[in-house]
Amino acid sequence: MAQHWADFQYEIYLNGTTGAVPRLPTDPSRLEELAEHRLGPGPVGYVAGSAGDGSTARANQAALDRHRIVPRMLRDVHARDLTTELLGRTLPAPLALAPVGVLSIMHPDAESAAARAAAARGVPYILSSASSTPLEQVAEAMGDAERWFQLYWGKDREVTRSFLGRAQASGYSVLVVTLDTPLLAWRPRDLDQAYLPFLHGVGTANYVTDPAFRAGLAKPVHEDPNAAVMHFLGLFGDAGHTWPDLAFLREHWDGPIVLKGVLHPDDARLAADAGVDGVVVSNHGGRQVAGSIAAADALPGVADAVGDRLTVLFDSGVRTGADVFKALALGARAVLLGRPYVYGFGLDGEAGVDHVIRCVLAEFDLTLALSGHARPDTVTRADLAETAP
Ligand SMILES: Cc1cc2nc3c(=O)[nH]c(=O)nc-3n(C[C@H](O)[C@H](O)[C@H](O)COP(=O)(O)O)c2cc1C
Ligand SMILES: CCCCC(=O)C(=O)O
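Predicted, not measured: the structure shown is a model, and the values here were computed from it.

Trainee: Would you mind going over the packing of helix H1 (residues 8–16) against helix H16 (residues 339–370) in detail, with residue names and values included?
Mentor: Interhelical geometry of H1 versus H16 gives an angle of 120° and a closest axis separation of 9 Å. By the angle between their directions, the pair H1 and H16 is classed as oblique. Between H1 and H16, the residues in contact are Phe8, Gln9 and Glu11 and His355, Arg358, Cys359, Ala362 and Leu366, respectively. Its residues assigned to classes, the contact of H1 with H16 comprises 4 nonpolar, 2 polar and 2 charged.

Encoded structure:
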């Protein structure tokens with residue numbers, strides 16, 4: 001019998017016959033509840049929190065929920081293939097792990113362990129610029145598995161140039177440039193606890209190991225670590241960038257470039273005109289602009305504007321396999337999974353990330369089949385009905 005991601009459910013049931021139950025819940029809300037209960041209030045608040053009144057994060061979920069799948073019957077979905085061609089590579093499924101910085105606040109094994117879990121399933125791992133482990137060390141933990149580098153495009157061109165060179169030398173193949181975080185947003189949950197990971201020395205590993213960054217410090221990092229953190233906070237973002245500045249990145253990166261944080265169809269067109277290869281329709285999980293459009297509501301407009309010119313990816317609100325299906329139906333080629341894997345990681349390290357990847361892909365495989373599809377790329381908007389809010 002062909003192997004399917006869906007087989008994970010029988011693995012769970014069969015293990016149950018010997019008394020073994022999964023170490024983590026399969027339901028994403030229960031996973032989040034458990035994380036809230038077990039992990040430290042500062043770290044879990046940082047992960048779960050969002051901008052302002054939290055309305056964007058809620059809207060992300062509500063928008064996905066408003067779209068309902070209309071399953072089709074008798075379509076021979078016996079043998080399924082989730083393989084997805086994207087940006088010149090073949091992925092086992094339309095899924096990658098979203099860039100999430102500062103992972104050592106959740107588990108001491110940090111990014112290397114999360115990346116190993118992704119690598120073991122062939123799922124691309126997108127390493128954040130703000131990782132707690134230097135990008136070279138994470139690359140080493142991954143062998144030759146697919147890895148992408150997320151750039152915080154900061155104020156210092158030499159640091160940017162150096163990051164791109166280091167990432168390329170370490171085998172990161174796709175550059176994901178995050179546009180929606182030139183400034184850290186107003187985040188009440190963190191403010192009320194006065195908790196910011198960087199001030200605990202987390203999330204600056206790529207910077208403090210970088211010769212160009214160090215050249216901007218008055219004293220060596222070990223002599224004045226706080227000054228290094230303040231220097232990082234001063235330069236990680238640049239609110240002065242405009243579209244023509246992208247030429248600099250295009251010039252210094254040989255490979256696909258994807259812009260993360262695009263919500264407006266006109267910005268998607270500007271991205272295509274700038275010669276990049278893809279966009280991630282994303283509102284950063286509601287962590288940047290409170291009151292913003294839900295990412296799923298922005299997706300069809302962006303897909304209509306540039307779907308034939310750019311690879312359209314999606315994140316912000318993906319919790320389940322059904323959400324993956326809906327994002328594909330609304331025009332995404334693949335999705336990035338964010339908070340759910342971070343909770344799995346916080347609760348059970350590398351095994352927790354593996355668990356979450358398998359849950360999402362098993363449910364996606366089943367949703368696909370039970371809705372009448374044997375492949376992700378046959379899913380279209382006709383598979384959805386939109387219900388009133
Ligand atoms: C704790 C945390 C840290 C994040 N760090 C980064 C980052 O360093 N770079 C980035 O581009 N996005 C970052 N993101 C945003 C994610 O890549 C992604 O857009 C977001 O998590 C999607 O929303 P969701 O997790 O609610 O689905 C972070 C998100 C969280 C929750
Ligand atoms: C300065 C923000 C870096 C991490 C990040 O992107 C997030 O917390 O959402």
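After that view of the structure, there is still more to cover.
Trainee: Just give me the short version of helix H11 (residues 225–235), but keep the residues and values in it.
Mentor: Residues Ala228, Val229, Phe232 and Leu235 constitute the buried set of H11. The buried residues of H11 all sit within an arc of 140° when viewed along its axis, so they share a single face. Opposite the buried face of H11, at more than 90 degrees from it, the exposed residues are Asn226 and Met230. Summarising the contacts, the buried residues of H11 are in contact with helix H9 (205–208) and helix H10 (211–215).

Trainee: Can you tell me about the site of ligand 1, naming the residues and giving the values?
Mentor: Taken together, 22 residues surround ligand 1, and among them Pro99, Ser128, Thr178, Arg319 and Arg339 come closest. One of the side-chain N or O atoms of Thr178 is found 2.7 Å from an oxygen atom in ligand 1. Contact distances for ligand 1 include 2.6 Å between an oxygen atom and a side-chain N or O atom of Arg319. Contact with the protein chains removes 98% of the 600 Å² of surface that ligand 1 exposes when unbound. Of all elements in the fold, only helix H3 (41–48) and strand S6 (147–152) reach the threshold of two or more residues within the shell around ligand 1. For the shell around ligand 1, the residue count by class is 7 nonpolar, 10 polar and 5 charged.

Trainee: Mind laying out the site of ligand 2, listing which residues take part and the relevant values?
Mentor: Surveying the vicinity of ligand 2 reveals the residues Tyr46, Tyr152, Leu184, Arg187, Phe198, Phe236, His284 and Arg287. His284 has a polar side-chain atom sitting 2.7 Å from an oxygen atom of ligand 2. At 2.8 Å from an oxygen atom of ligand 2 is found a side-chain nitrogen or oxygen belonging to Arg287. Isolated, ligand 2 exposes 280 Å² of accessible area, and the fraction of that covered by the protein chains is 92%.

Trainee: Quick one: what's the story with the environment of Asp315, residue by residue and with numbers?
Mentor: Secondary-structure assignment places Asp315 in the loop between strand S10 (311–314) and helix H15 (321–329). Among residues more than four places away in sequence, those in contact with Asp315 are Ala98, Lys260, Val280, Val281, Ser282, Ala295 and Leu336. Separated by 2.6 Å, the side chains of Asp315 and Ser282 make a polar contact. At a separation of 2.8 Å, a polar atom in the side chain of Asp315 contacts the side chain of Ser316.

Trainee: So, unusual backbone geometry: which residues are in play, and what are the values?
Mentor: Although it is not a glycine, Asp76 adopts a positive phi angle of roughly 50°. Structurally, Asp76 can be placed in the loop between strand S1 (67–69) and strand S2 (84–86). For Asp76, a relative accessible area of 62% translates into the label exposed. Even without glycine at this site, His284 takes up a positive phi of about 60°. Tracing the backbone shows His284 in the loop between strand S9 (278–281) and helix H14 (295–306).

Trainee: Lay out the confidence of the model for the chain in plain terms, naming residues and giving numbers.
Mentor: Reading predicted coordinates in detail is not appropriate for stretches of low pLDDT. Here the chain shows a mean pLDDT of 98. Residues at 70 or above account for 100%. In the predicted assembly, ipTM is 0.99 and pTM is 0.99.

Trainee: Could you give me a rundown of the packing of aromatic side chains, with the residues and numbers involved?
Mentor: Using the criterion set out here, one finds 9 aromatic pairs in the structure. A ring pair is formed by Tyr207 and Phe213, whose centres lie 5.7 Å apart and whose planes are at 75°; its orientation type is edge-to-face. The class of Phe213 is buried, set by a relative accessible area of 1%. Ring centres of Tyr207 and Phe232 lie 4.7 Å apart, and the angle between their planes is 70°; on these two criteria the pair is classed as edge-to-face. Highlighted residues: Tyr207 in helix H9 and Phe232 in helix H11, separated in sequence by 25 residues. With respect to burial, Tyr207 and Phe232 carry one shared label: buried. Three or more aromatic residues link up through ring pairs in this structure, and these residues are Phe149, Tyr152, Phe163, Tyr172, Phe198, Tyr207, Phe213, Phe232 and Phe236.

What counts, and at which threshold
Residues numbered from 1 in each chain as written. Chains lettered and ligands numbered in written order. Predicted model: local features only at pLDDT ≥ 70, side-chain atom pairs only at ≥ 80, totals over all residues. Heavy atoms only, no water. Axes fitted to C-alpha atoms, helices over the stretch in contact; angles between N-to-C directions. Helix = DSSP H or I, 4+ residues; strand = E, 2+ residues; numbered from the N terminus. Parallel < 35°, antiparallel > 145°, perpendicular 65-115°, else oblique. Contact = heavy atoms within 4.5 Å. Nonpolar A, V, L, I, M, F, W, Y, C, P; charged D, E, K, R; others polar. Buried < 20%, exposed > 50% of the residue type's maximum accessible area, 1.4 Å probe, protein only. Arc of directions from axis to C-beta. Near = heavy atom within 4 Å. Polar contact = N/O pair within 3.5 Å; in protein donor to acceptor, adjacent residues only side chain to side chain. Areas by Shrake-Rupley, 256 points an atom, 1.4 Å probe, with all protein chains shown as cover. pLDDT = per-residue confidence, 0-100. Phe/Tyr/Trp six-rings, centres within 6.5 Å; stacked < 30°, edge-to-face > 60°.

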